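An overview of the molecular structure
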Amino acid sequence: MAENILELRDVKTHFPIHSGFLVKKQVGAVRAVDGVTLSVRQGEVLGLVGESGCGKSTLARTILQLVPTTGGAVILNGRNLGEASRAEMLACRRDLQMIFQDPYASLNPRMTVHATLAEPLLVHGICGPSEVQARVDELMRLVGLAPRFARKYPHEFSGGQRQRIAIARALALKPKIIIADEPVSALDVSIQAQILNLLAELCRGMNLSLIFIAHDLSVVRHISDRVAVMYLGKIVELGPAADVIDHPRHPYTRALVSAIPVPDPDIERSRQRIVLAGDPPSPINPPPGCAFHPRCPYAIERCREAVPPLIPAGPSREAACIRLAEIA
Amino acid sequence: MPLLTVTDLRTYFHTRNGVYRAVDGVSFSVERGETLGIVGESGSGKSVTCYSIMGLIPQPPGRIESGSAMFDGVDLLHCSPKVARSIRGKRVSMIFQDPMTSLNPYLRVSEQVIEPLLIHEAITKAQALARALEMMEAVGINDAARRIHFYPHEFSGGMRQRVMIAMALVTRPELLIADEPTTALDVTVQAQILDLIRRLQRELGMAVIFVTHDLGVVAGLCDNVQVMYGGRIMETAGARALFKTPLHPYTRALQRSIPALQLKGEELFTIPGLPPDVSKAIPGCAFAPRCVFVKDECTAARPELVEVAPGHAHACIRSRDGQIDLGA
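Residues numbered from 1 in each chain as written. Chains lettered and ligands numbered in written order. Predicted model: local features only at pLDDT ≥ 70, side-chain atom pairs only at ≥ 80, totals over all residues.

Observations regarding the overall build of chain A
Assigned secondary structure in chain A consists of 11 helices and 12 strands. Computed over C-alpha atoms, the radius of gyration of chain A comes to 21 Å, within 12% of the 20 Å expected from 2.2 N^0.38 for 328 residues, which places it in the range of a compact globule. Structurally, chain A occupies a C-alpha span of about 70 × 60 × 45 Å along its principal axes. A total of 328 residues make up chain A; the buried ones form 46% of that total. For chain A, the proportion of contacts with a sequence separation of at least 24, taken over those separated by at least 6, is 63%. (Helix = DSSP H or I, 4+ residues; strand = E, 2+ residues; numbered from the N terminus. Rg over C-alpha atoms; globule rule 2.2 N^0.38 Å. Buried ≥ 20, exposed ≤ 12 C-beta atoms within 10 Å, placed from the backbone. Contact = placed C-beta atoms within 7 Å.)

Okay, here's the thing in structure tokens:
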């Protein structure tokens, strides 16, 4: 088994809320990420799913150290990023790259494709000015763009092509891990498939690890080896992707899977769906005990008492629910 | 007689870069109480079709070149503004994709929900408020009596969409046009909103035109579905027939692009090429450049939408002659 390239140990990211006009006082905190323990192996695709506001994007930013961590440790290749110096962090960033959701916003409109792809190469001194051209051409071919488009600007490309440029930029530094935050949500179905195929192919070909964040479970099921389901800053279920999505154990995962519309009128109209009432609670003041209990159809008094830990729920699977055995 | 009959609608946008044929000869009808799904990728003209019916096309640059939209004996495209106003917002309502931008952030929700009533009905403000409150409760907003006086930013995304639905339905319209109302929402909230639309439709007996790019949503909600591409209708059929026996190569390709229907680990099916450039005249079939079954005759003349079975029509000359096997 390949070794863990990235480890998260009880990672917490809280955003303080201040109040008061002259004397600022902290009155609370948004517990965006609240105790996540997770590992990613070399070459593995880890899917991260959850509703908006569950903390999946904050977790991505925490891994990249784009937001300060409140507690816990992010360990990349055995090095704790929280304690790394600026110079060490810069070196680590080479191994850790990100692809964002909106390819319209994440590319600089005033930079040509060539400039966009050449910048990381020069900043990190990957290659000398004379080799830049060849490397840029190579990157463009890698993501399926013709090198003759290198002098064009982002607005001259379609959404799918722009996402390809963003992927090429992430690959420029030959990273070990790519974090893709909803990379296909803004794209049409037919274009989505192209980008997913590209990402899957690149990960296999370069033995890259990928953390794939999405809210579309069918996309995650397709591309991921393992999937982690988040709810209100915590992981509630973790396991092999197809396993978790086809046979969810945690009540929240069950509801999430059941909410996906099935593209078949006969099945869609006859199946039993679990429709959750209400919205996710606020991460400022999460409910006591299991954060899901106010919306959970199986909740009992005991669920309010303590935060349930992740417990084994089948082969290489874990779920955070105290009633797993009873509701199977 | 159908509630709405659209005949040969053409909406073009005249810009400096040429004429964009956003909707290029679209005909369809909606019966009372029916749910019609319009499916297509971005740029297929599905939203512009709805905006044209509602008279929301900015003119210029837009222009409705030809066609009619007969709603209960009145041509919405050619009637006087006064007549149009008496129908729009009262007998035909519309809800939009993004509840963040389509509610006025400066006005309390109460003001916005009673506005259509004050405009269209001889009613006092107190009566209107009572009706609005009733509607807010019907769309599932808890504690409506208090929350009706909130501002839009005090609601979550799903709740804002409910407010918008309440606003659209408060006048008890006969036709609701829903333009991707659940695209911006999480799957669990999407399931709630779809249930809500289904229930209110039954209670009020209204017809719904549901625009979406998600075939899964269509499967559960719609009686009939029409597939649009490049401003034209490619295929129209009952929901069951469209999913079980698609007859147009584009419909089949769209269906095959859904990740949920594909084996894990296999490469996802993609439609090669890019969506059509509607700023140039397309002489033949709009899908021909991306179609695997293309023959010379496909690009020679524009294929007509021909009914091949009761309620099932498509615009593919090769499929009609039984020359191709879509492998459905």
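More follows now that the structure is in view.
Considering the overall build of chain B
Summing up its helical and strand segments, chain B has 13 helices and 12 strands in all. Structurally, chain B occupies a C-alpha span of about 65 × 50 × 40 Å along its principal axes. Of all 328 residues assigned to chain B, the portion counted as buried reaches 48%.

Some points on the sheet that holds strand S5 (residues 74-75) of chain B
Residues and elements named next belong to chain B. Taken together, 4 strands build an open sheet; the order of strands is S2-S1-S4-S5 and the sheet is antiparallel. Taken across any chain shown, the strands that pair with only one partner, and hence form the sheet edges, are strand S2 (18-30) and S5. Sheet topology note: the strand S4 (residues 62-71)/S5 ladder contains 2 bridges and is antiparallel. Within S5, the residue paired with Phe 71 across the bridge is Val 74. (Pairing = 2+ DSSP bridges.)

Focus on the interface of chain B and chain A
Facing the 36 residues of chain B at the interface are 31 residues of chain A. Take the side of chain B that touches chain A: its biggest share by element is 6 residues, from helix H8 (residues 187-204) of chain B.

Thoughts on the sheet that holds strand S11 (residues 311-312) of chain A
All names here are of chain A. Taken in spatial order, the 8 strands line up as S6-S7-S8-S3-S9-S10-S12-S11 in an open sheet, and their pairing is mixed. Two strands bound the open sheet, and with one partner strand each, they are strand S6 (96-99) and S11. Where strand S3 (residues 45-49) meets strand S9 (residues 226-231), 4 bridges bridge the pair, whose relative direction is parallel. Opposite Gly 47, over in S9, you have Val 227 as the bridge partner.

Observations regarding the confidence of the model for chain B
Confidence in the prediction of chain B, expressed as mean pLDDT, is 86, and 98% of residues score 70 or more. Under the prediction, the complex receives an ipTM of 0.76, its pTM being 0.83. (pLDDT = per-residue confidence, 0-100.)

Some words on helix H7 (residues 157-169) of chain B
Residues and elements named next belong to chain B. Here H7 contains 13 residues, and its C-alpha end-to-end distance of 18 Å stays within 8% of the 18 Å for a straight helix at 1.5 Å per residue. The buried count for H7 comes to 12 of 13 residues, which makes it a mostly enclosed element. Of all the positions in H7, only Gly 158, Met 159, Arg 160, Gln 161, Arg 162, Val 163, Met 164, Ile 165, Ala 166, Met 167, Ala 168 and Leu 169 are classed as buried. Where the residues of H7 are buried, they touch strand S6 (92-95), helix H3 (99-102), helix H4 (109-120), helix H5 (125-138), strand S7 (175-179) and H8. (Expected span 1.5 Å × (residues − 1).)

Looking at the packing of H7 of chain B against H8 of chain B
Residue and element names in this part refer to chain B. At their nearest, the axes of H7 and H8 sit 10 Å apart, and the two run at 15° to each other. Relative to H8, the element H7 lies roughly parallel. The interaxial crossing formed by H7 with H8 has right-handed handedness. Residues Gly 157, Gly 158, Gln 161, Ile 165 and Leu 169 of H7 lie in contact with H8, whose contacting residues are Val 189, Gln 192, Ile 193, Leu 196, Leu 200 and Leu 204. Looking at the contact of H7 with H8 residue by residue, the classes come out as 7 nonpolar, 4 polar and no charged. (Axes fitted to C-alpha atoms, helices over the stretch in contact; angles between N-to-C directions. Parallel < 35°, antiparallel > 145°, perpendicular 65-115°, else oblique. Left-handed = near helix turned anticlockwise from the far one by under 90°. Nonpolar A, V, L, I, M, F, W, Y, C, P; charged D, E, K, R; others polar.)

With respect to the pairing of S4 of chain B
Along a regular strand, successive side chains alternate from one face of the sheet to the other. As paired elements, strand S1 (residues 4-15) of chain B and S4 of chain B share 8 bridges and run antiparallel to each other. Its bridge partner lying in S4 of chain B, Leu 4 of chain B is registered against Phe 71 of chain B.

Observations regarding the environment of Pro 58 of chain B
All names here are of chain B. With respect to the helices and strands, the residue Pro 58 is situated in the loop between helix H1 (46-54) and S4. Residue classification places Pro 58 among the exposed positions, given that 8 C-beta atoms sit within 10 Å. Measuring from C-alpha to C-alpha, the distance between Pro 58 and Phe 13 comes to 9.2 Å, with 45 residues separating the pair along the chain.

Some thoughts on the packing of helix H3 (residues 113-123) of chain A against helix H4 (residues 129-142) of chain A
Residue and element names in this part refer to chain A. H4 packs onto H3 with a crossing angle of 120° between their chain directions and a minimal axis gap of 10 Å. Considering the relative orientation of H3 and H4, their crossing is right-handed. Two secondary-structure elements touch here, H3 through His 114, Leu 117, Ala 118, Leu 121 and Leu 122 and H4 through Val 132, Arg 135, Val 136 and Leu 139.

Looking at the environment of Ala 105 of chain A
Residue and element names in this part refer to chain A. With respect to the helices and strands, the residue Ala 105 is situated in the loop between S6 and H3. What makes Ala 105 exposed here is the crowd of 12 C-beta atoms within 10 Å. In the structure, Ala 105 is positioned 49 residues away from Pro 154 in sequence and 9.9 Å away in space, judged by C-alpha atoms.

Observations regarding the environment of Leu 169 of chain B
All names here are of chain B. Relative to the helices and strands, Leu 169 resides in helix H7. Judged by local crowding, Leu 169 falls into the buried class, with 24 C-beta atoms found within 10 Å. Remark: the alpha-carbon pair of Leu 169 and Gly 89, spanning 80 residues in sequence, is separated by 9.0 Å. Here Leu 169 is in contact with Ser 93, Met 135, Leu 200 and Leu 204, once residues within four sequence places are set aside.

Some remarks on unusual backbone geometry
Here Gln 59 of chain B and Pro 60 of chain B are connected by a cis peptide whose omega angle stands at -15°. With an omega of 10°, the peptide bond between Pro 60 of chain B and Pro 61 of chain B qualifies as cis. Relative to the elements of secondary structure, Pro 61 of chain B occurs in the loop between H1 and S4. One non-glycine residue, Asn 77 of chain A, adopts positive backbone phi at about 55°. Summarising the element assignment, Asn 77 of chain A is placed in the loop between strand S4 (71-76) and strand S5 (79-80).

Focus on H8 of chain B
Over its 18 residues, H8 of chain B extends 25 Å from the first C-alpha to the last, a length consistent with the 26 Å expected when each residue adds 1.5 Å. Val 187, Thr 188, Val 189, Gln 190, Ala 191, Gln 192, Ile 193, Leu 194, Leu 196, Ile 197 and Leu 200 of chain B are the residues of H8 of chain B that are buried. Here the buried face of H8 of chain B lies against helix H9 (251-258) of chain A together with H5, H7, S7, strand S8 (207-212) and helix H9 (215-221) of chain B. Following H8 of chain B by one or two positions, Gly 205 of chain B adopts a phi angle in the positive range, close to 65°.

Let's talk about the pairing of S8 of chain B
Residues and elements named next belong to chain B. Most of S8 is tucked away, with 6 of its 6 residues classed as buried. Burial along S8 is two-sided: the face carrying Ala 207, Ile 209 and Val 211 and the face carrying Val 208, Phe 210 and Thr 212 are both buried. Sheet topology places strand S3 (residues 35-39) next to S8; 5 bridges connect them, and they run parallel. Note that in S8 the partner of Ile 38 across the bridge is Val 211. Alignment of S7 against S8, held across 5 bridges, turns out to be parallel. Note on S8: the bridge partner recorded for Ile 177 is Ile 209.

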